[in-house]
Amino acid sequence: MKIIDSKIKAVLFDFDGTIMDTNQIIINSWQHTFRELLGEEQPLPRILNTFGEPLEISMKKEFPDIPVEKSVNIYREYHRDRFVDSIEIFPGIRELIEKLGGLGYKLAVVTSRLPGSTMQGLEKYGLERWFDEVITCNDTIKHKPDPEPVQLALKRLKVAAAEAVLIGDSIFDISSAKGAGVKSILVGWTAAEKHQKIHGINDPDYQINEVEDVFGILEELGGIVE
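This report concerns the structure included in the present document. (Residues numbered from 1 in each chain as written. Predicted model: local features only at pLDDT ≥ 70, side-chain atom pairs only at ≥ 80, totals over all residues. Heavy atoms only, no water.)

## Observations concerning the environment of L44
Its place among the elements puts L44 in helix α2 (residues 44-48). Assessed through its relative accessible area of 41%, L44 is described here as partly exposed. Expressed as a C-alpha distance, the spacing of L44 and G179, which sit 135 residues apart in the sequence, is 29 Å. (Helix = DSSP H or I, 4+ residues; strand = E, 2+ residues; numbered from the N terminus. Buried < 20%, exposed > 50% of the residue type's maximum accessible area, 1.4 Å probe, protein only.)

Have a look at this one:
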């Protein structure tokens, strides 16, 4: 099957909490950092509020009196050594990506994560071959919730904002998509969405709880397939 006369030509994916279940390794890395720098762990909502935000920005907020290089290094050393063995792909995501790629949609990852661990995660499950572009925190000056990462993905994929949708799990994803003029899909299978929804999220265009719901949204938006 191939897409025909489709108004939607590209699907952008967040990485953490959307493609990959990285919740526990992120939480553990934060608690390790809190123990090292504050002497004790912190409440879970404090960590969940950082989900989707670039690490350096979160560290400046959490440890304003500590050099950001120090806090980031503590976090990343713990995180790096345990990352690959700790992550799991969310159920149905591999099939979704493979089907979208097989249909001819252009695919991109748009993440605030570093390129090394992003590629490690994709390669662990053989997903890297399906993505035309991978936008990480090293590719832009501004980061989510700013629209710059999404705009860069559109530029590299050579598609207009009206021809793309973004799938993500946090307020940072939704705000970035909206700022770039891209339709947004908020997923409901991750800790960030469940927490941030309580505090009000920036009105995604769609909310889903099942991976298969993506196809219905694409059809509604004009993603016709044969």
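## Some details on the sheet that holds strand β5 (residues 133-135)
Taken in spatial order, the six strands of this open sheet run β5-β4-β1-β6-β7-β8, and their pairing is parallel. Two strands in the sheet have a free side with no partner beyond their single neighbour: β5 and β8 (206-208). When strand polarity is set aside, the average angle formed by the axes of neighbouring strands in this sheet is 20°. By the bridge criterion, four bridges tie strand β1 (residues 10-13) to strand β4 (residues 106-110) in an arrangement that is parallel. Bridged to L12 within β4 is A108. Across the sheet, helix α5 (residues 93-103) is in contact with β1 and β4; its angle to β1 comes to roughly 155°. Against the sheet, helix α8 (residues 171-180) touches β6 (164-168) and β7 (183-187), its axis set at about 170° to β7. (Pairing = 2+ DSSP bridges. Axes fitted to C-alpha atoms, helices over the stretch in contact; angles between N-to-C directions. Contact = heavy atoms within 4.5 Å.)

## Observations concerning the pattern of salt bridges
Evaluation of the coordinates by the stated rule reveals 10 salt bridges. K144 serves as the salt-bridge partner of D14, at 2.9 Å between the closest nitrogen and oxygen. In this pair, D14 is assigned in the loop between β1 and β2 (20-21) and K144 in the loop between β5 and α7 (148-157), connecting sequence segments 130 residues apart. For the pair formed by D14 and K144, the shared burial category is buried. Here E62 makes a salt bridge to R46, at a shortest N to O gap of 2.5 Å. A residue pair is termed long-range when its members are at least 10 positions apart, and E62 in helix α3 (residues 55-62) and R46 in helix α2 qualify at 16 residues. A residue is classified by how much of its surface remains accessible, and E62, at 17% relative accessible area, is buried. (Salt bridge = Lys/Arg side-chain N within 4 Å of Asp/Glu carboxyl O.)

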